[in-house]
Amino acid sequence: MGKAGKLIVGGVVALILVVGIVLVFVISNLDVIVKRAIENVGTDVAGVPVSVGSVQISLKEGTGTVNGLSLGNPSGFGRGKAFELGSIALKLDVGNTSAELVTVSSVLVDGARVNVVQNASGNNLKAIQKNLASDSPGDAGDSSDDAAGGTKLIIDEFAFRNGQVSLELQSVGQRRADIPDFQVTGIGRKSNGATAAEAARQILDPLVRRSITAASGISGIEELGEQAVEKVLKDVPEGAAKGLGDLLKGDKK
């Protein structure tokens, strides 16, 4: 073999080694990569801090778990959590997954908790809903897609089960209501993949809308009426009672 041939073979071997090292790095750090992608994309899309406790993905088994996923409150609504999604179970279609397109057979969110905060400026859920309707609620440009490395997603089924919403009112206490189960299917299927930001919106938008509707129908709250609500909230800033009244009228979409 001539010198040129040896150089070519050497270059190919070096390239294979580099690709192998990269693949080992990605696979060994996949949980961390997914965790950061969820936090970055979620924060950009919802316009609130999104945090994840841990991610565990098994490519061999085609399963995954996202633990401790939560969305914070928008500015002005305190430091609590608006959404606490708990443990999320994933099933991956490994055979139809590549670096460019990840196919998820199912996502199950079970036992989520949603906390409504009402003040003079409105309520936290409607603030998040407004962010979702914006092209760039976090003013982050295209960083959502950059955070996911340009990889697109297909999610065949997203299922939400056993969720609860809570609403706390001065002098009335905390009231809770169930959020009706729902599912979203075919995310990114027709377009051969959705960006991470598009998929996040298609999941979060119905979740926020159903949470607002559930909060508006909490037993014992709707019957208070406008005057009673104003009396209950007499010690809070002017405008809060009207905001709560708007919430109790409901978002029936």
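Fair warning: this is a prediction, and the values are worked out from it, not measured in the lab. (Residues numbered from 1 in each chain as written. Predicted model: local features only at pLDDT ≥ 70, side-chain atom pairs only at ≥ 80, totals over all residues. Heavy atoms only, no water.)

Visitor: Would you take a moment to explain the overall build of the protein for this structure?
Guide: A count of helices and strands for the protein gives seven helices and 14 strands. Evaluated residue by residue, the protein yields a buried proportion of 38% over its 253 residues. Of the contacts made within the protein by residues no fewer than 6 positions apart, 65% connect residues no fewer than 24 positions apart. For the protein, the exposed surface amounts to about 13,600 Å²; the carbon and sulfur share of it is 55%. (Helix = DSSP H or I, 4+ residues; strand = E, 2+ residues; numbered from the N terminus. Buried < 20%, exposed > 50% of the residue type's maximum accessible area, 1.4 Å probe, protein only. Contact = heavy atoms within 4.5 Å. Areas by Shrake-Rupley, 256 points an atom, 1.4 Å probe, with all protein chains shown as cover.)

Visitor: Sorry, what's going on with the side chain of Ser70 here?
Guide: Structurally, Ser70 is set in strand β4 (residues 70-72). Since its relative accessible area comes to 8%, Ser70 is described here as buried. Beyond its immediate sequence surroundings of up to four residues, Ser70 is in contact with Pro49, Val50, Ser51, Lys81, Phe83 and Glu84.

Visitor: Before we go on, may I ask you to explain the packing of aromatic side chains in this structure?
Guide: Aromatic rings in a pair are described by how distant their centres are and how their planes are angled relative to each other. Overall, the coordinates contain two aromatic pairs when judged by the stated rule. Taken together, a centroid distance of 6.2 Å and an interplanar angle of 45° make the contact between Phe158 and Phe182 tilted. Note that Phe158 is positioned in strand β11 (residues 152-161) and Phe182 in strand β14 (residues 182-187), a separation of 24 residues in sequence. For the pair Phe158 and Phe182, a shared accessibility class is recorded, and that class is buried. Judged by centre distance (5.3 Å) and plane angle (20°), the ring pair of Phe160 and Phe182 falls under stacked. With Phe160 in strand β11 and Phe182 in strand β14, this residue pair connects regions lying 22 residues apart in the sequence. Among the aromatic side chains, those forming a connected cluster through ring pairs are Phe158, Phe160 and Phe182. (Phe/Tyr/Trp six-rings, centres within 6.5 Å; stacked < 30°, edge-to-face > 60°.)

Visitor: Looking at this model, I keep getting lost on unusual backbone geometry. Mind explaining?
Guide: A negative phi holds for most residues other than glycine; trans holds for most peptide bonds. Not every positive phi belongs to a glycine, and Asn162 is a case in point at roughly 55°. Relative to the elements of secondary structure, Asn162 occurs in the loop between β11 and β12 (163-169). Phi is positive for Asn192, close to 55°, though the residue is something other than glycine. Within the secondary structure layout, Asn192 lies in the loop between β14 and α5 (196-216).

Visitor: Would you mind showing me how to read helix α2 (residues 30-46) here?
Guide: For α2, built from 17 residues, the straight-helix expectation of 24 Å at 1.5 Å per residue is met to within 8% by its first-to-last C-alpha distance of 24 Å. Within α2, the full set of buried residues consists of Leu30, Ala37, Glu39, Val41, Gly42, Asp44, Val45 and Ala46. Directly after α2, the chain includes Gly47, whose backbone phi takes a positive value near 70°. (Expected span 1.5 Å × (residues − 1).)

Visitor: Where do I start with the packing of α2 against α5 in this structure?
Guide: In helix packing, the relevant descriptors are the interaxial angle and the interaxial distance, both defined with respect to the helix axes. Their axes nearest at 9 Å, the elements α2 and α5 cross at an angle of 65°. In this structure, the crossing between α2 and α5 has a hand that is right-handed. Residues Val41, Val45 and Ala46 of α2 pack against Ala196, Ala197, Ala200, Arg201 and Leu204 of α5. Class assignment of the residues belonging to the contact of α2 with α5 gives a composition of seven nonpolar, no polar and one charged. (Axes fitted to C-alpha atoms, helices over the stretch in contact; angles between N-to-C directions. Left-handed = near helix turned anticlockwise from the far one by under 90°. Nonpolar A, V, L, I, M, F, W, Y, C, P; charged D, E, K, R; others polar.)

Visitor: Got a minute to help me understand the sheet that holds strand β6 (residues 88-92) in this structure?
Guide: Whenever strands of a sheet pair, they do so through backbone hydrogen bonds, lying parallel or antiparallel. As summarised here, the arrangement of the six strands in space is β2-β3-β6-β7-β11-β14, forming an open sheet in which the pairing is mixed. Strands with a single pairing partner mark the edges of an open sheet, and in this sheet they are β2 (54-58) and β14. Here the average twist between neighbouring strands, direction ignored, is 15°. Bridge count between β2 and strand β3 (residues 63-67): five bridges; the pairing is antiparallel. (Pairing = 2+ DSSP bridges.)

Visitor: Sorry, what's going on with the nonpolar core here?
Guide: Here is a general trend for soluble globular proteins: nonpolar side chains tend to be buried in one another's company. Counting 47 residues, the largest nonpolar core has Phe83, Leu85, Ile88, Ile128, Phe158, Phe160 and Val165 as the members making the most contacts within it. When residues in this core are grouped by element, the largest group, 11 residues, is from α5. With near-sequence residues (within four places) excluded, Leu85 lies in contact with Leu69, Val109, Ala112 and Leu207. (Core = buried A, V, L, I, M, F, W, Y, C linked by side-chain atoms within 4.5 Å.)

Visitor: Explanation requested: the side chain of Ser106 in the structure shown.
Guide: Relative to the assigned elements, Ser106 resides in strand β7 (residues 101-110). Excluding its chain neighbours within four sequence positions, the residues that come into contact with Ser106 are Ala89, Leu90, Lys91 and Glu157.

Visitor: Can you help me understand the pattern of salt bridges in this one?
Guide: Opposite charge on two side chains allows them to pair when their charged atoms are near. Under the definition given, this model contains three salt bridges. Across the pair Arg189 and Asp156 runs a salt bridge, and its minimum N-O distance is 2.8 Å. Separated by 33 residues along the polypeptide, Arg189 in the loop between β14 and α5 and Asp156 in strand β11 bring together distant segments of the chain. Judged by relative accessible area, Asp156 falls into the partly exposed class, the value being 26%. A salt bridge links Asp205 to Arg209, with the nearest nitrogen and oxygen atoms 3.1 Å apart. With Asp205 and Arg209 both in helix α5 and four residues apart, this pair spans about one turn of that helix. (Salt bridge = Lys/Arg side-chain N within 4 Å of Asp/Glu carboxyl O.)

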